[in-house]
Amino acid sequence: MGKIIGYEWRLREQLAAAGKFSTTKLIPLLEERGVHLSASQVYRLVAERPERLNLHVLMALTDILGCSADDLIVKVDLGQAQKDKAVGEQGKADPASAVIRSRALRPRPARITE
């Protein structure tokens, strides 16, 4: 069991602090730095927390906003990981088929109707 680490994406806050309130105005600034994103991609980048982020995009954003990566991405401690309940005696997770068999779960037979 270990610590679970998450992150907060603070691009919207950094844009507001820089006086930029429109995502469409960010597109030409990114293009000047060689980053070509569509309007919907830029909107998702601002409005949602990205799971993957190209480092060229990150560096372009820090250059546009005059901030550091630490200002855009903030580490959040989510607590301790809990042990999985489906762990067997030897420390290995039981396969799904074993769980299904132990609960006597069976699929319903198909009916063919005309």
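> Outline the nonpolar core, supporting the account with residue identities and numerical values.
In terms of nonpolar packing, the biggest core is built from 18 residues, with Leu 11, Leu 26, Leu 30, Leu 61, Leu 65 and Leu 72 touching the most fellow members. Mapped by element, the contributors of at least two residues to this core are α1 (11–17), α2 (26–32), α3 (39–47) and α4 (55–65). Of the residues forming this core, the biggest block, six residues, is contributed by α4. Excluding residues within four positions of it along the chain, Leu 30 makes contact with Val 35, Leu 37, Val 42, Ala 60, Leu 61 and Ile 64.

> Account for the confidence of the model for the protein chain, naming residues and giving values.
Across the protein chain, pLDDT averages 82, with 75% of residues at or above 70. Of all secondary-structure elements in the protein chain, the lowest mean pLDDT belongs to helix α6 (residues 96–102), at 61, while α4 reaches the highest, 96.

> Break down the environment of Ile 5 for me, with residues and values.
Residue placement: Ile 5 occurs in strand β1 (residues 3–9). Owing to a relative accessible area of 46%, Ile 5 belongs among the partly exposed residues under this scheme. For the pair Ile 5 and Val 76, spaced 71 residues apart in sequence, the C-alpha to C-alpha distance is 5.9 Å. Aside from chain neighbours lying at most four places away, what touches Ile 5 is Lys 75, Val 76, Asp 77 and Leu 78.

Rules of the game
Residues numbered from 1 in each chain as written. Predicted model: local features only at pLDDT ≥ 70, side-chain atom pairs only at ≥ 80, totals over all residues. Heavy atoms only, no water. Core = buried A, V, L, I, M, F, W, Y, C linked by side-chain atoms within 4.5 Å. Buried < 20%, exposed > 50% of the residue type's maximum accessible area, 1.4 Å probe, protein only. Helix = DSSP H or I, 4+ residues; strand = E, 2+ residues; numbered from the N terminus. Contact = heavy atoms within 4.5 Å. pLDDT = per-residue confidence, 0-100.

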